[in-house]
Each structure stands twice: as C-alpha cells, then as structure tokens.
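Below, each chain spelled out in residue letters.
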Amino acid sequence: MLSVSEIFYSLQGEGRYAGRPSVFVRFGGCNLRCEGFGGKCDSYYAVDASFRESWGKYDTKRLIAEYEFKKPYLYADTVLTGGEPTLWFKDAEFREFAEYLAASGTLVSVETNATKEIDFGFAPFANFVYALSVKLSNSGEAKESRINPAALTSFIKHSNHFFKFVLDADMVASGKAKEEIDELKNEFGIVPQNIYCMPLGASKEELLGNAKSVFEFCVEERYCYSDRVHIRVFDKKRGV
Ligand code: SF4
C-alpha cells in the first residue's frame, strides 16, 4: 500500500512551472530530515514518523479515484511530492499509478532531493520532469547523505530536469551559497539556466527575510529565481 499524506488541487507555487494549475500528490516518508531548516523541514508532516498514522493507505485503484476526484474537469499538471516520492518508485502499485499518469497526458513533475537512483528504463519515469532540490549545507544534513553523485549524474543524463536550491540570507552573505553551487556546477556540469534558487521560508515572515538576498544573488549569478507563492499568499496554511 502507498502512504499518501495529502492530495489536493492548487497552483504550483515554485520552480519552472510556478503558477500552473496542478494536482499535488504528497507521498509520506523521506530518507533525510533537514533539521537545519529551522529544526524541521517545511513538509515535516509528510516526513516525521509521528505523523505516519495520519497518512492515508492507498492501493492504485483508490489513489487514481482520489486523484481524479481532486482534478478539475479541465487539464491540470500533476506534481508528485513528499517527503521523498522516489522512495516509492520501485513499488508495483506506484508504477501502475505512474503508467496511468503517463497515459493521461498530464505533465508530471517530481519534486525530489535527488539522492535515489531512478530506473529510467521504465518509460513513464523517463517522461516525467524532475525538480532536483539538492540539499546544501544549510539543510543540516551531512554531505554524504544529501549528495549522491551516481544519482545526480543519472538524473542529469537521462531526465528533463531543473535544480532548485533553498537559500537563506546568511548563506548568501557568507559566500557559502556561491561556493557550494559552484562546486556542484563544476562537478556535474550543471548549466545556469537550469538553476533556480528559492528563499528558505516555511512562513511568510521567514520568506520575506530571505527573499531579497536570494533575488539579488540570482541576478548576480545569472540564475533563475523561484518564489514560494503559496507561502507568500497563504503563510503556513497546508493543502493550498
Ligand atoms: S529532503 Fe525535502 S522532504 Fe525530505 S526532510 Fe529534506 S526538505 Fe523535508
């Protein structure tokens, strides 16, 4: 059975597809904790084991029914998020769901920390778009946990992807943001037009405290800036 924290319809608030109508399927569980992000990540309710009981248990049939129920009549993109959705990519029921999505013609983007290698020989996975939210040192995770060279190389080689780095004002001011992104760019041959930098912010106040520094950093480094529209508009409210 698949663990799903929530399914909802909204507008994508981040990254390359910001503003687009989307159905979000948030899977439960993550292989990281990212306690550097203010003690817990902004999706802690899809990560923390204490929330496990609140996750719905879905077989493929029930998941498709719920997904279709939440989807408006008109076209919408699909966002597979978490937690870490790729933890489910070997699961037979998840693969059935992926086949269903691929056949439906929806644009599927996967929000991933890019630490797990994906089977791109499975056609639906090769057609998804991957938002590679590779964690930097401000996540509080050890480098060996947050960067998997083999997985990253495979995503870059086989997928339609873009990178999404979460930065805070201190990281920009100290030069660590530039240093760490440059290191990744050089090691993996990442092109600047595929790099989005997004301000850290689980609340509107925190977002506003980081946004200007990150925006200016993007102007200077020729990167794309990604806001967090849902935080700016709804603050800490979930499922929007
Ligand atoms: S990888 Fe993402 S979902 Fe997992 S703990 Fe870190 S921020 Fe949260």
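Quick note: structure is the one above.
Residues numbered from 1 in each chain as written. Predicted model: local features only at pLDDT ≥ 70, side-chain atom pairs only at ≥ 80, totals over all residues. Heavy atoms only, no water.

Next up on the list: the overall build of the protein chain. On a plain count of helices and strands, the protein chain comes out with 9 helices and 9 strands. Against the compact-globule benchmark of 18 Å for 240 residues, the protein chain has a radius of gyration of 17 Å, which places it among compact chains. C-alpha extents for the protein chain along the principal axes are approximately 50 × 35 × 35 Å. Counting only residues that meet the buried cut, the protein chain has 53% of its 240 residues in that class. (Helix = DSSP H or I, 4+ residues; strand = E, 2+ residues; numbered from the N terminus. Rg over C-alpha atoms; globule rule 2.2 N^0.38 Å. Buried < 20%, exposed > 50% of the residue type's maximum accessible area, 1.4 Å probe, protein only.)

With that settled, consider the sheet that holds strand 7 (residues 160-167). The sheet built from 9 strands is open, its strands ordered 3-1-2-4-5-6-7-8-9 with mixed pairing. In this open sheet, the two edge strands, each paired with only one partner strand, are strand 3 (56-58) and strand 9 (224-225). Those strands touched by helix 1 (residues 60-70) are strand 1 (2-11), strand 2 (21-27), strand 3 and strand 4 (77-81), and its axis lies near 15 degrees from that of strand 1. Together, strand 1, strand 2, strand 3, strand 4 and strand 5 (108-112) form the strand contacts of helix 2 (residues 92-104), whose direction differs from that of strand 4 by roughly 160 degrees. (Pairing = 2+ DSSP bridges. Contact = heavy atoms within 4.5 Å. Axes fitted to C-alpha atoms, helices over the stretch in contact; angles between N-to-C directions.)

As a further point, take the pairing of strand 7. Burial analysis of strand 7 places 7 of its 8 residues in the buried class, which makes it a mostly covered element. Pairing between strand 6 (residues 129-132) and strand 7: 4 bridges, direction parallel. Residue Leu132 lies in a different strand from strand 7, and its bridge partner there is Phe163. Bridging between strand 7 and strand 8 (residues 195-199) involves 5 bridges; their strand directions are parallel. Counterpart to Lys164 in the pairing with strand 8 is Tyr196.

With that settled, the discussion passes to the site of the ligand. In the neighbourhood of the ligand, the contacting residues comprise Cys30, Leu32, Arg33, Cys34, Cys41, Val47, Gly83, Asn113 and Lys135. Under a 2 Å grid-point criterion requiring more than half of the atoms, the pocket assigned to the ligand is the largest pocket. Along the lines of polarity and charge, the residues of the shell around the ligand split into 5 nonpolar, 2 polar and 2 charged. (Near = heavy atom within 4 Å. 1 Å grid on protein atoms, 1.4 Å probe; cavity = no way out; pocket = protein on both sides within 12 Å on 5 of 7 lines; lining within 4 Å. Sits in = over half its atoms within 2 Å of the grid points. Nonpolar A, V, L, I, M, F, W, Y, C, P; charged D, E, K, R; others polar.)

Moving on: helix 1. Listed in full, the buried residues belonging to helix 1 are Thr60, Leu63, Ile64 and Tyr67. For helix 1, the angular spread of buried residues about the axis comes to 95 degrees, placing them on one side. In helix 1, the exposed positions angled more than 90 degrees off the buried face are occupied by Lys61 and Phe69. (Arc of directions from axis to C-beta.)

Once that is clear, we can look at the packing of aromatic side chains. Evaluated as defined, the whole model comprises 19 aromatic pairs. Consider the rings of Phe120 and Phe155, whose centres lie 5.8 Å apart with planes at 80 degrees: the pair is edge-to-face. Of this pair, Phe120 sits in the loop between strand 5 and helix 3 (123-127) while Phe155 sits in helix 5 (residues 149-158), placing them 35 residues apart in sequence. Overall, the relative accessible area of 13% leaves Phe120 in the buried class. Measuring from ring centre to ring centre gives 5.2 Å for Tyr130 and Phe155, while their planes differ by 55 degrees; the resulting arrangement is tilted. Taken together, the residues span a long stretch of sequence, with Tyr130 in strand 6 and Phe155 in helix 5 at a distance of 25 residues. Under the relative-accessibility criterion, Phe155 is labelled buried at 1%. The lysine or arginine in question, Arg62, covers the ring of Tyr58, its NZ or CZ lying 4.0 Å from the ring centre. Seen from the ring of Phe122, Arg95 lies directly overhead, with NZ or CZ sitting 4.5 Å from the centre. (Phe/Tyr/Trp six-rings, centres within 6.5 Å; stacked < 30°, edge-to-face > 60°. Lys NZ or Arg CZ within 6 Å of the ring centre and 35° of its normal.)

With that out of the way, let us pick up the pairing of strand 4. Burial of strand 4 is extensive: 5 of the 5 residues sit out of reach of the surface. Where burial is concerned, the two faces of strand 4 agree: the one with Asp77, Val79 and Thr81 and the one with Thr78 and Leu80 are both buried. By the bridge criterion, 5 bridges tie strand 2 to strand 4 in an arrangement that is parallel. Bridge pairing links Arg26 to Thr81 in strand 4.

Residues Phe27, Leu80, Tyr130 and Leu167 are the most contacted members of the largest nonpolar core, which totals 48 residues. Filtering out sequence-adjacent residues up to four positions away, Leu80 remains in contact with Val25, Phe27, Pro85, Phe94, Phe97, Leu101, Val108, Ser109, Val110, Glu111 and Phe128. Grouped together as the second largest cluster of nonpolar side chains are 9 residues, Cys34, Val47, Met198 and Leu200 included. (Core = buried A, V, L, I, M, F, W, Y, C linked by side-chain atoms within 4.5 Å.)

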